[in-house]
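Observations on the three-dimensional arrangement
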Amino acid sequence: MKKAYKKGFNLIETYPVKFPETVILVKYDGPVDNFSFSFPDKKVEHIIVNLCPTEPWALPNRVILRNATHDFLDKLEAVRTEYFPDSHCHVVVDHLESNLVNELTQFKTQKDWLSIHTMEAVYPYDAPVLIVKNILGLDIAFGQNTIEDGILILDPQNVTGIFEYYIKETEFNTRLIPISGTGLKDNKILKVKPGTPIKSMLELYVRTDIKYRVFLDGLLNGTEVKDLTQKIDWSTKNIIVIEERDYKTPFPYLNVNELLFTTSLMGELRRCVYCNFCDDICPVNLEPALYWHCYDRGEKHKARTYALEKCIECGLCSFSCPSKLELLQVIRECKSLK
Amino acid sequence: MKKTFKNIETILNKSLNSIETFIQSHPKVNFLFGALFEATDGLIRSTKNTAKNPPFIRSSMDVKQYMGGILAALFFGWVLPAIYFYGFMCVVPKLIVSFVVGVFVVDLIWVILAREERINEGGFVTCLFIPAFLPPQAPLWLIGVGAGISILFRNILGGVGHNLVNPALFGRLMLTICFPTMVVSGWQEPSIGIPTIKSLMYGVDAVTHATPLIAFKETGETASFFSLMFGANTGSLGETCRITLIITGIWLCVKRIANWRIPVAYLGSVFVISIIFSLMVGKTAAPPIFQLLSGGLIFAAFFMATDPITTTYSQAGKWIFGIGCGLITVVIRNFTSIPEGIMYAILLMNLLSVPIQSIIQKIKYRT
Ligand code: SF4
Ligand code: SF4
């Protein structure tokens, strides 16, 4: 099949993040949110369960599977039979995890409602647009709810959640949240009751000797947490705390490792030098510098003529630009212009 | 060793910090020297800037490293071989003059006058180009004038990111116009064989000899490919040792600092077009391999034509750019009285890259 994406970037190699084996429960006595899953009112034809995270700070799948892949698949089968009986399930795994692939293929032999797909763990191949294109060959637009096309992308944790809460009707009120980054003493996987403020999750683990900033759901297109009393909810994926490098470092070209994985811009703002890094890395084959040129000339409205709507806002172009241009910001601004 | 270095780093950092506070707390000093300090500081330390918008981490590659890569490639590609062939005393004073005039005089004055906050490291690259495409016996003042014109021209256009044409080549063009005989004479025989201290210092006695391209124009003789490849022939200071230029050029392409499409398109089209011309006009056109290995072609294809901002942004446009350069080069070499056409080819294509870019953009995104 023709690949839906061009390049992408292997973040896991560049920023290796190690998580410990153990999961720590966070105690919190305040009000918590109960689990709820809003079942779609449309008919679901395809369910996609992604067990191949492409970001290093995402929850590793061993924590969900806990060496009991069959258990997980049984739960998935129960959920499907109960709620989405006509649908076909697609489980996506990393092509390097051959054990897991074998286990899944064994399980699959008796089931015709299931198919297994392998994928390279390269960011952002698990973005909805790309994963749907790659598995089903369908084109969906960025930002569109996949339910409109009868596709449900199910978070693996929600599979367990639906099974425990709606089918077994047992208590289910915790969510696994990985926390990582240079602003922490250690990386941890926490078991948190949604409703817990971020502050009380992190207070035991953050480093006190440095300035740090806290981010939700990935560093490339996630959001910054300005107010640490903000609460975790059922859609939070991960939390990253990284050092704020707002001071100068001598000889940065010799100390690259020290600067990596901090908020440092790693250089100064320049003009675009036509280096082609941004269009080489863009997973959907756009030329982001064109948007910047439009923006720079004050012609934001012209950016639309260069296939702007195809951009999946993965942030890789800003990430790789040696002139440190805020390409993602420019793209969002141009998009918001109606 | 590592520890001493760390200590030096800390001391340096502290002293720069105190100078910075001093300058910023005295408005008058700041007015005169603020920009100068920022500029030098920018070469030594990273910036304080942090990512305010997503993505909140950025890759470590920045324009400084980008230019640093080109500098390193140029150093191993032509400075070292040139020292071997023409001697230390021939090469290093030229570099010093070029840097002093280009970066430390013209650029510094520009920083103070125009209150730019940084010295652009692109200037180092330009200054390293100037001696490379002048003859080994070019006088020092010629190099100084060339470097000065180039940097001034580049700064007037607005520095890296605004260049319309390659500033170093523009400087060379001005020299060709103002001192037409100076830039095409003084080709010196390189010293070959086992180097001695004396040859490494001073080169061999200055025997001048026409370059292979001029010789071909006059007598129809071609030099041996082996001697062309390893630099045992006359030519500009930086263009003779093709083998190191090719190796460092390929390294640049692997690092993605130079876009591989341009050298491939340029060299490939020179090869193909000269085959066609050879078939058409026979012996009067230079044979293809000789075309590839003579003159500054290799140097220009890997280092000058790939200067990122002066080509098109579109990757397809880069192919057209390279092929255009190749075509003009071969035509000038074969059908005009000028032996070498690279400078004109690249300058012309630099200008043409603007319409090429917009045409390609129109074709690609028409709805
Ligand atoms: S954010 Fe940049 S790299 Fe990502 S899809 Fe959009 S244009 Fe391409
Ligand atoms: S990565 Fe940045 S500098 Fe390079 S072409 Fe794209 S916008 Fe321009």
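Note that the coordinates shown come from a computational prediction; the quantities given were computed from them, not determined experimentally.

**Looking at the sheet that holds strand β1 (residues 23–25) of chain A**
Residues and elements named next belong to chain A. One open sheet accounts for six strands, arranged β1-β7-β6-β10-β8-β9; its pairing is mixed. At either end of the open sheet lies a strand with only one pairing partner, and these are β1 and β9 (223–225). Between one strand axis and the next, the sheet turns by 30° as a mean value, whatever way the strands run. Across three bridges, the pairing between strand β8 (residues 212–216) and β9 is antiparallel. Paired with Val214 across the bridge in β9 is Val225.

**What about the interface of chain A and chain B?**
Listed per partner, the contact involves 66 residues of chain A and 52 residues of chain B. Here chain A packs against chain B, burying approximately 5,400 Å² in sum over the two surfaces, 55% of which is carbon and sulfur. By the criterion of area lost to chain B, the three top residues of chain A are Lys248, Arg270 and Tyr274 of chain A, representing 15% of everything that side buries. The interface formed by chain A and chain B holds six salt bridges in total. A salt bridge links Glu20 of chain B to Lys248 of chain A, with the nearest nitrogen and oxygen atoms 3.2 Å apart. Counting the contacts that link chain A with chain B gives 24 residue pairs in polar contact (both at pLDDT 80 or more). Per-element tally for the side of chain A that touches chain B: the top contributor is helix α9 (residues 277–281) of chain A, with four residues. The residue inventory of the side of chain A that touches chain B, partitioned by class, reads 34 nonpolar, 16 polar and 16 charged.

**Digging into the packing of helix α10 (residues 288–296) of chain A against helix α12 (residues 327–336) of chain A**
Residues and elements named next belong to chain A. For the pair α10 and α12, interaxial distance at closest approach is 9 Å and the crossing angle is 65°. By the angle between their directions, the pair α10 and α12 is classed as roughly perpendicular. Of the two elements, α10 crosses α12, and the hand of that crossing is left-handed. Touching Pro288, Tyr291, Trp292 and Tyr295 of α10 are Leu327, Val330, Ile331 and Glu333, all from α12. When its residues are assigned to classes, the contact of α10 with α12 shows seven nonpolar, no polar and one charged.

**Some details on the pattern of salt bridges**
Residue and element names in this part refer to chain A. All chains considered together, the criterion is met by 30 salt bridges over all chains. A salt bridge links Lys226 to Glu224; its shortest N-O distance comes to 3.7 Å. Its relative accessible area of 71% is what places Lys226 among the exposed residues. Sharing partners across several salt bridges, the network here consists of Arg213, Glu224, Lys226 and Glu244.

**Considering helix α3 (residues 69–83) of chain A**
Across its 15 residues, α3 of chain A extends 21 Å between first and last C-alpha, which sits within 8% of the 21 Å expected from 1.5 Å per residue. Here the buried face of α3 of chain A lies against β2 (46–50), α2 (61–65), β3 (88–94), α4 (98–108), β4 (114–119) and α6 (156–167) of chain A.

**Observations regarding the site of ligand 2**
Surveying the vicinity of ligand 2 reveals 14 residues, the closest of which are Cys272, Cys275, Cys278, Cys321 and Ser323 of chain A. Nearby residues around ligand 2 are contributed by chains A and B.

**Notes on the sheet that holds strand β5 (residues 151–154) of chain A**
All names here are of chain A. Strand order in the open sheet formed by four strands is β4-β3-β2-β5, with parallel pairing between adjacent strands. Since the sheet does not close on itself, it has two edges, and those belong to β4 and β5, each with one partner. Strand-to-strand twist in this sheet, taken as the mean axis angle between neighbours without regard to direction, amounts to 25°. In this fold helix α5 (residues 128–136) packs onto β2, β3, β4 and β5, with an angle of close to 115° to the strand it touches most, β2. The strands touched by α6 within the sheet are β2 and β5, with β5 carrying the most contacts at an inclination of about 95°.

Conventions we followed
Sequence positions are assigned chain by chain, starting from 1 and proceeding in written order. Working convention: letters from A go to chains and numbers from 1 go to ligands, in the order in which they are written. Note on the predicted model: pLDDT of at least 70 is required for a residue's local features to be given, and 80 or more for side-chain atom pairs to be given and counted; whole-chain, interface and lining totals, by contrast, use all residues. With hydrogens and water excluded, all non-hydrogen atoms of the structure serve as input to the side-chain values. A pair of strands is considered paired only if DSSP assigns at least 2 bridges between the two. Only DSSP runs of H or I reaching four residues or more are called helices, and only runs of E reaching two or more are called strands; each is numbered from the N terminus. In this analysis an axis means a line fitted to C-alpha atoms, helices contributing only their contacting stretch, and an angle means the value between N-to-C directions, from 0 to 180 degrees. Residue contacts follow a heavy-atom distance rule, with two residues in contact if any of their heavy atoms lie within 4.5 Å. A quick way to say it: buried area is the sum, across both parts, of accessible area lost when two parts are put together, with a 1.4 Å probe. Basic side-chain nitrogens of Lys or Arg form a salt bridge, by our definition, when they fall within 4 Å of a carboxyl oxygen of Asp or Glu. Two N or O atoms form a polar contact when they lie within 3.5 Å of each other; inside protein one atom must be a possible hydrogen donor and the other a possible acceptor, and for residues adjacent in sequence the pair counts only when both atoms belong to side chains. Side-chain classes follow a simple rule in which Ala, Val, Leu, Ile, Met, Phe, Trp, Tyr, Cys and Pro form the nonpolar group, Asp, Glu, Lys and Arg form the charged group, and the remainder, Gly included, forms the polar group. Note on angle classes: values under 35 degrees are labelled roughly parallel, values over 145 roughly antiparallel, values of 65 to 115 roughly perpendicular, and the remainder oblique. In a left-handed crossing the near helix is turned counterclockwise from the far helix by less than a right angle, and in a right-handed crossing that turn is clockwise. The buried label applies to any residue whose accessible area, calculated with a 1.4 Å probe on protein chains only, is under 20% of its type's maximum; exposed applies above 50%, and partly exposed to all values in between. Residue count minus one, scaled by 1.5 Å, sets the expected span of a helix. The rule for a residue being near a molecule or strand is that one of its heavy atoms must lie within 4 Å of it.

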